[in-house]
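Structural overview for review
If you want the building blocks of each chain, they are given just below.
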Amino acid sequence: MSDLLKKYTDFLDELDTYNQAVNVFTWDLQTAAPDMSIESKLKALSFFSTKAFEMTTSDSYAKMLDELLEPSVFEALPDYIRYAVTENKLQYERFKNVPTDFYSEYVSASARSEKVWEKAKEENDFAMFAPHLEKMIAMKKKMLAYTDPGKDPYDALLDQYEKGMTTKDIDPIFDEIKAGLKPLLAAIAAKPQPDINKVNGYYDVEKQRKVQDIILKYQGFDTKSGTTGESAHPFTMSLNESDTRVTNHYNTTEPINAMFSACHECGHALFEQNVDPRYKKTAAGEVEMMGLHESQSRLYENILGRNANYWIPIYDQIVELLPDLKKITFDEFVSIINYVHPSMIRTDADEVTYCLHIILRYEMEKAIFIDNVSVGDLPALWNDKMEELLGIRPANDAEGILQDMHWSDGSFGYFPSYLLGSVYDGMILKVLNEQLGDIDTILREGRIKEITAWLKENIHRHGALYSSKEVLKRIGAGEVTAGPLLKYFNEKYTKIYNL
Ligand code: ZN
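Parameters and conventions
Residues numbered from 1 in each chain as written. Predicted model: local features only at pLDDT ≥ 70, side-chain atom pairs only at ≥ 80, totals over all residues. Heavy atoms only, no water. Donors = N, O, S within 2.8 Å, 3.2 Å for Na, K, Ca; no water. Tetrahedral: all angles 85-135°; square planar, octahedral: opposite > 155°, others 65-115°. Helix = DSSP H or I, 4+ residues; strand = E, 2+ residues; numbered from the N terminus. Buried < 20%, exposed > 50% of the residue type's maximum accessible area, 1.4 Å probe, protein only. Lys, Arg positive; Asp, Glu negative; His and termini not counted. Salt bridge = Lys/Arg side-chain N within 4 Å of Asp/Glu carboxyl O. Contact = heavy atoms within 4.5 Å. Pairing = 2+ DSSP bridges. Axes fitted to C-alpha atoms, helices over the stretch in contact; angles between N-to-C directions. Expected span 1.5 Å × (residues − 1). Polar contact = N/O pair within 3.5 Å; in protein donor to acceptor, adjacent residues only side chain to side chain. Core = buried A, V, L, I, M, F, W, Y, C linked by side-chain atoms within 4.5 Å. Arc of directions from axis to C-beta.

1. Some points on the coordination of the zinc ion
Surrounding the zinc ion are the protein donor atoms His264 (NE2), His268 (NE2), Glu294 (OE) and Glu294 (OE), at 2.1 to 2.6 Å. In this structure, the zinc ion is coordinated by four donor atoms arranged in irregular fashion, with angles at the metal of 52 to 142 degrees. Sequence spacing among the residues donating to the zinc ion works out to H-x3-H-x25-E. With His268 in helix α11 (residues 256–273) and Glu294 in helix α12 (residues 290–304), this pair connects stretches of sequence that are 26 residues apart. Its relative accessible area of 7% is what places His268 among the buried residues.

Structure follows, in structure tokens:
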């Protein structure tokens, strides 16, 4: 290894130490920290992320990157280091003009705003959250003026979560989905619906944790480099290169939500765990394309998890742990997990109406960042859009605009990734059926790990090396289009609802 490359990897090691500290504090704040400890933990969190920020905006770092980018040096580097250096330089250019004080103020303001949002949602009090939301929007706009001057602010946000995607790309895809789902949802609504309350009973939390363990193992989660926790909202987080954690949230009256959260978060975790080990600690190992990430979690949650065949190999074990499930037949279980109906809460929505929940948030974000709609007008705008898209109106802000965490910590532009993930899934399913053989059969025969292995080989191991558009082309899925997703919905629900 050349001296320069050694200097670079030593730098990444040191940076990783600060990032690990940030991750441990973030994990603790979201899973365990008691209220009284929050302020001092936020201070520590801001200290370590500011250290990392200073390292990656320093002149010596810029000089090292420039030396690595010298053509004669650059050409000799391995491909993932070339990717990492190029990406580092890009991010350096974006963040070098952000004042350190502003950056640390942003970090603590977003963590504080998230905590206030939690309370505001609990107490159904939008007025409590409004000043924080206003501050996050203002700070985000100011941040974008530093990092992406001259760029359309909403496109700049989209680019952070899904490289290369702009409103120009997304508008026609989402419009096609909006139009395509209208007749399907009308046809479904006209049919008899399953009685979802039949599943209600008592489901022991300890036993539900064991069901999660079964699902994680079944899908291929590696417990030697991963563990589980609990939080208000399920999420996945890599604390370092060999520590990927998933959380869940349990309800004692019904177990299905937690089962599907396990499928989903495990999909994220598999992506993280299966990245080529050489890429770890470099930008090539950090998959920040959230559309691609969500395509993996949503593939396990929806395309595979809502397929009856997914459950056949493990259903007996699950019922043994959760005896109240014996009150329903397997076929009833399958219709309950595929019950399609408009509802208020995104995270409880079925896979079809879910798309409209995301389109609503996409349109809201465009209203905030393109049309500059004021914070006071947002709750009513939300409710109007809910009525327009889903035909129902929230009774209060807790089941309306306050329901999601994303805007509280400044994650504007993230929501579209969920639906892009599903769009990619329609395309990936088509390829899987062509290349691996009939997916229904593979699942029914308990060979789901063959699907995980295919995803690892074709998608996961490459980490961030290829953009989502490139990944889809490389696997033979072609240009991004909503067609396959709509086809999957139409074929599947025509069968299930006998349309
Ligand atoms: Zn997710």
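Still to come is the rest of the account.
2. Quick word on the side chain of Lys140
For Lys140, the position within the fold is in helix α7 (residues 126–147). It turns out Lys140 is buried and unbridged, and the closest side chain with the opposite charge, Asp409, is 7.5 Å from it. With residues near it in sequence (within four places) discarded, Lys140 still touches Tyr106, Leu157, Gln160, Phe369, Gly410 and Phe412.

3. A short note on the environment of Val431
Along the polypeptide, Val431 turns up in helix α18 (residues 416–436). Along the backbone, Val431 and Leu472 are 41 residues apart, and their C-alpha atoms lie at a distance of 9.6 Å. Excluding its chain neighbours within four sequence positions, the residues that come into contact with Val431 are Leu436, Trp454, Ile475, Gly476 and Ala477.

4. Some points on the pattern of salt bridges
One pass over the structure, following the stated rule, counts 38 salt bridges. A salt bridge links Arg361 to Asp404; the nearest nitrogen and oxygen atoms lie 2.6 Å apart. Placement of the pair is Arg361 in helix α16 (residues 354–369) and Asp404 in the loop between α17 (378–390) and α18, with a sequence separation of 43 residues. Of the two residues examined, Arg361 and Asp404, each falls in the buried class. One salt-bridge network, held together by shared partners, links Asp13, Asp16, Glu241 and Lys281.

5. Looking at the sheet that holds strand β1 (residues 226–230)
Reading across from one edge, β1-β3-β2 is the order of the three strands in this open sheet, with mixed pairing throughout. Because the sheet does not close on itself, it has two edges, and the strands there are β1 and β2 (236–240). When the angles between neighbouring strand axes are averaged without regard to direction, this sheet yields 30 degrees.

6. Thoughts on helix α22 (residues 483–496)
Its 14 residues place the ends of α22 20 Å apart at the C-alpha level, agreeing with the 20 Å of an ideal helix rising 1.5 Å per residue. Among all positions of α22, only Pro484, Leu485, Leu486, Tyr488, Phe489, Lys492 and Tyr493 are buried. Where the residues of α22 are buried, they touch α9 (167–189), α12, α16 and α18.

7. Observations concerning the side chain of Glu365
With respect to the helices and strands, the residue Glu365 is situated in helix α16. Buried charge without a partner: Glu365 forms no salt bridge, and the closest opposite charge is Arg361, 8.0 Å away. A distance of 3.1 Å separates the side chain of Glu365 from the backbone nitrogen of Gly413, its partner in a polar contact. Setting aside anything within four residues of it in sequence, one finds Glu365 in contact with Tyr154, Ile370, Trp407, Ser411, Phe412, Gly413, Tyr414, Phe415 and Pro416.

8. Examining the nonpolar core
By size, the foremost hydrophobic cluster in this structure holds 155 residues, and its most contacted members are Tyr8, Phe174, Ile177, Leu181, Tyr310, Trp311 and Ile428. With residues near it in sequence (within four places) discarded, Tyr310 still touches Ile215, Tyr218, Gln219, Cys263, Leu304, Gly305, Leu443 and Ile448. One finds Leu29, Ala33, Leu42 and Leu45 within the second-largest nonpolar core, a separate group that totals seven residues.

9. Focus on the pairing of strand β3 (residues 243–248)
Look at any regular strand and the pattern is simple: side chains alternate between the two faces of the sheet. Taking burial as the measure, the six residues of β3 include six buried ones, the bulk of the element. Neither face of β3 is left uncovered, since the one carrying Asp243, Arg245 and Thr247 and the one carrying Thr244, Val246 and Asn248 both have all their residues buried. Inspection of the sheet shows β1 paired to β3 by five bridges, in the parallel sense. Bridge pairing links Glu230 to Asn248 in β3. The loop that links β2 with its antiparallel partner β3 comprises two residues.

10. Digging into helix α15 (residues 330–337)
Restricting attention to buried positions, one finds in α15 the residues Phe333, Val334, Ile336 and Ile337. Buried residues of α15, seen end-on, are gathered within an arc of 160 degrees and therefore sit on one face of the element. Check the buried side of α15 and you find it contacts α11, α13 (308–311) and α14 (315–321).

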